[in-house]
Amino acid sequence: MKKLLSCLLAVLMLVSAIGSVAMAEMTPGTYTATVRGMFDGLTVEVTVNETAIESIAVTAHNETSPGWPAIEKLPADMVAAQTIAVDNVSGATMTSNGVKAAVTAALEQAGADIEAFSVPAATAITLAPDYYPVMGSYEVPETWDESYEVVVVGSGFAGLAAAYGAIENGATVTLVEKLSTTGGNSATNGGQYAAYTSKVAAELQEKYNLEPDTAEKHIEDTMNGGDQMSKLELVKNMVYASPVYFDLLLDNGLVIRDTLARPGGHYGYRTYVTENQVGSDITNIQAEMLAKTDVVLQLNTKMVEIYRTRDEANKVVGIRVATADGYKTIEATKGVILATGGFSSNIPMRENQVPYLTSDIPTTNITAVSTGEGIYLAQAIGANTLQMSNIQRYPWADPNTGVLDKYAVWPFTGPSYGVIYVDYNGNRYVNEGDRRDVCANAAVNTGFPSTYAIFTEPIVSFALPEEIVQGVEEGRVLKADTLEELAEKMNAFEVKGQFPTVSAENLKATIDMHNGFIDSGVDEQFGKVMAATMVKIEEGPYYALPQYPSVHHTMGGLVIDTTTNVYDIYGNAIPGLYAAGEVTGGVHGTNRLGSNADADACGTGYISGIFVATGEMPDFIPAE
């Protein structure tokens, strides 16, 4: 009965609506009206009979192209619906309103009941709802060869830290590494770790009369160093997590040198130097920490696919790996953490982003590691990337090989101690305390395949005496008792088939000028901050270290949030997929400050492991 009454009511309403239009009798004929749409001169002709609109035509107008769709579409819509109340054309509102106003005016001339012709259209054209195609794997294993709560891929700083964070918080963890040993590219870095504080900070600050650093200053320097293109929330994660993980390393036996440096771009003394000035000092400690846990380490195991379901959950559930025995699948019930590093060794990938970074330019990194496949495989299931063209060159690599050896760390550590850089004529060419990109570009602009770091032994007090001797014996470091002799040795040192033309007079004048800046506290040439820790170049022996930019760090990568959750191309978090370290983007902006890589990879990796294991952010990250 209720259904019958409803139907009768609907019929009566329809008859009423039709009747109202039918009663709106008009004088048959064609009527013209001219109004303003976007511009003056929009003219419409409307032909009617006693009860209906027969045709509508726009006969003249001065509208521009954005309004043309309204001129073409609305007349037919109004005739079909027998009403002025049809939808405007999106993007052509003023022209749509003009057409409606002209038709209204014409109908008024015909004596129409405008209210009757203003009833909304009974049937509207409804487009299919918008949707995005589901991103994910076409096939997902129904059964798995192995299953863990957390699967970490990559065993550099970030992966080792993530695995430890997860296992220490109760998760079952496997660490997958494609090489035959842990450490990856992190093991070859310069062993420089930035932390605004630590359990040994106060002691070093007091010993060297240095002002205490702050988290706020480290955050500010990092944001400025990246031209404000870093994601502030990710920078905060790095800065607050860095000292926590550094203290953990110290507690587990990490040995550091008796120094606290302020490399280029940093304006606080916050950079610690490991015992051997190499990243393996850290990764070895990390590996020892993991060896005391139940983490399942899988070496010679390469990830070849990430599995993401195409159902409503649309989540990452595991990975496929290649081993010496064939393929196998590994389930991750809580999450997969990608710590696969950057792409500086992938020539097509980096050249696609920055065309001049061709194969002619070497990289400081292990070519078998920094290949970017973690990014490729994440993109295959819809992951998004950002800032991929922000690729950094290390300004002080070996000019003949591109290698970042232990000697290449000295020019990086030394600006606040008095190291100066000169070109192939013996002249300063840059503010040595500036950012890496500034120093690298300035070196390239000298037009010669090498520049030189000039110093004496008191300046590089952070280097061991036997290391200096070894550098000289290997021919990597040039030594002379006088500046005249040093100029001669520099001019005799071949770099890629070329020889510099250093003038002893220029070299002496450059050093005297810089010594004067140290005395006055003002660098009148390049504006470098003249630190109280600087030592003048006065007595020999004198040293020159050849250097030149080499492709180093890729600042761009996967999009993540503060929990390290990876985001897809639609701006949605991908459930079950996380990332940390150089595989991610957004932390360093346009330019990474030296020693922030260790801080980022270790600190953010540690956060990732804790969050994936527990579902909660660690308490050392301040709540906003």
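This text gives an overview of the structure that appears in the document. (Residues numbered from 1 in each chain as written. Predicted model: local features only at pLDDT ≥ 70, side-chain atom pairs only at ≥ 80, totals over all residues. Heavy atoms only, no water.)

**Section: the packing of helix α4 (residues 157-167) against helix α16 (residues 596-614)**
Then comes step 1: Direction vectors running N to C along α4 and α16 enclose 30°, while the axes themselves pass 7 Å from each other. Taken together, the axis directions place α4 and α16 in an arrangement best described as roughly parallel. The hand of the α4/α16 crossing is right-handed. Judged by residue contacts, F157, A158, A161, A162, Y164, G165 and A166 of α4 engage D598, A601, C602, G605, Y606, G609, I610 and A613 from α16.
Then comes step 2: Residues that form the contact of α4 with α16 fall into these classes: eleven nonpolar, three polar and one charged. (Axes fitted to C-alpha atoms, helices over the stretch in contact; angles between N-to-C directions. Helix = DSSP H or I, 4+ residues; strand = E, 2+ residues; numbered from the N terminus. Parallel < 35°, antiparallel > 145°, perpendicular 65-115°, else oblique. Left-handed = near helix turned anticlockwise from the far one by under 90°. Contact = heavy atoms within 4.5 Å. Nonpolar A, V, L, I, M, F, W, Y, C, P; charged D, E, K, R; others polar.)

**Side note on the sheet that holds strand β1 (residues 29-36)**
Then comes step 1: Strand order in the open sheet formed by three strands is β1-β2-β3, and the pairing between neighbours is antiparallel. The open sheet is flanked by β1 and β3 (53-60), the only strands paired with a single partner. With direction set aside, neighbouring strand axes in the sheet form an average angle of 20°.
Then comes step 2: Together, β1, β2 (40-48) and β3 form the strand contacts of helix α3 (residues 93-109), whose direction differs from that of β1 by roughly 140°. (Pairing = 2+ DSSP bridges.)

**Looking at the pattern of salt bridges**
Then comes step 1: Inspection of the entire model under this criterion finds 24 salt bridges.
Then comes step 2: D77 is paired through a salt bridge with K73; the nearest N and O atoms lie 2.6 Å apart. Of this pair, D77 and K73 both sit in helix α2 (residues 68-81), separated by four residues, roughly a single helical turn.
Then comes step 3: Taking the relative accessible area as the measure of exposure, K73 reaches 39% and is therefore partly exposed.
Then comes step 4: For D258, the salt bridge goes to K207, with nearest N and O atoms at 2.1 Å. With D258 in the loop between α7 (232-251) and β7 (271-273) and K207 in helix α5 (residues 201-207), this residue pair connects regions lying 51 residues apart in the sequence.
Then comes step 5: Taken together, the salt bridges that share partners define one network made up of D213, K217, E220, D221 and R270. (Salt bridge = Lys/Arg side-chain N within 4 Å of Asp/Glu carboxyl O. Buried < 20%, exposed > 50% of the residue type's maximum accessible area, 1.4 Å probe, protein only.)

**A closer look at the side chain of T95**
Then comes step 1: Position of T95 relative to the elements: it lies in helix α3.
Then comes step 2: Residue class for T95 comes out buried when judged on its relative accessible area of 3%.
Then comes step 3: A polar atom in the side chain of T95 sits 2.7 Å from the side chain of E63.
Then comes step 4: With near-sequence residues (within four places) excluded, T95 lies in contact with M38, L42, E63, G67, A70 and I71. (Polar contact = N/O pair within 3.5 Å; in protein donor to acceptor, adjacent residues only side chain to side chain.)

**Regarding the nonpolar core**
Then comes step 1: Ranked by internal contacts, the top residues of the largest apolar core, which has 96 residues, are V173, Y245, I306, I319, V336, L338 and L558.
Then comes step 2: With eleven residues, the top contributor of residues to this core is α7.
Then comes step 3: Each residue touching V173, except ones within four places of it in the same chain, is listed here: Y148, V150, V152, A163, A166, I167, D294, V295 and V296.
Then comes step 4: In terms of nonpolar packing, the next biggest core, distinct from the first, is built from 49 residues, W410, V422, C439 and V460 among them. (Core = buried A, V, L, I, M, F, W, Y, C linked by side-chain atoms within 4.5 Å.)

**Let's talk about a nonpolar patch on the surface**
Then comes step 1: Residues M38, F39 and M94 make up a contiguous nonpolar surface patch of roughly 250 Å² in combined accessible area.
Then comes step 2: Residue placement: F39 occurs in the loop between β1 and β2. (Patch = residues over 30% accessible without salt bridge, like charges linked within 9 Å, V, L, I, M, F, W, Y side chains within 5 Å. Areas by Shrake-Rupley, 256 points an atom, 1.4 Å probe, with all protein chains shown as cover.)

**Comments concerning the packing of aromatic side chains**
Then comes step 1: A complete count under the given rule lists 17 aromatic pairs for this structure.
Then comes step 2: Aromatic pair W144 and Y307: ring centres 5.7 Å apart, planes at 80°, arrangement edge-to-face. Here W144 is found in the loop between α3 and β4 (146-153), whereas its partner Y307 is found in strand β9 (residues 302-308), with 163 residues between them in sequence.
Then comes step 3: In this structure Y307 comes out as buried when scored by relative accessible area, which is 6%.
Then comes step 4: Centroid distance F246 to Y272: 4.6 Å. Interplanar angle 35°. Geometry classified as tilted. Here the residue F246 occupies a position in helix α7, and Y272 occupies one in strand β7, the gap between them amounting to 26 residues. Of the two residues, F246 and Y272, both sit in the buried class.
Then comes step 5: One aromatic cluster in this structure is built from Y394, W396, F412, Y421 and Y429.
Then comes step 6: It is R310 that lies over the ring of Y138; its NZ or CZ is 4.3 Å from the centre.
Then comes step 7: Here the basic side chain of R436 rests over the ring of F412, its NZ or CZ set 4.7 Å away from the ring centre. (Phe/Tyr/Trp six-rings, centres within 6.5 Å; stacked < 30°, edge-to-face > 60°. Lys NZ or Arg CZ within 6 Å of the ring centre and 35° of its normal.)

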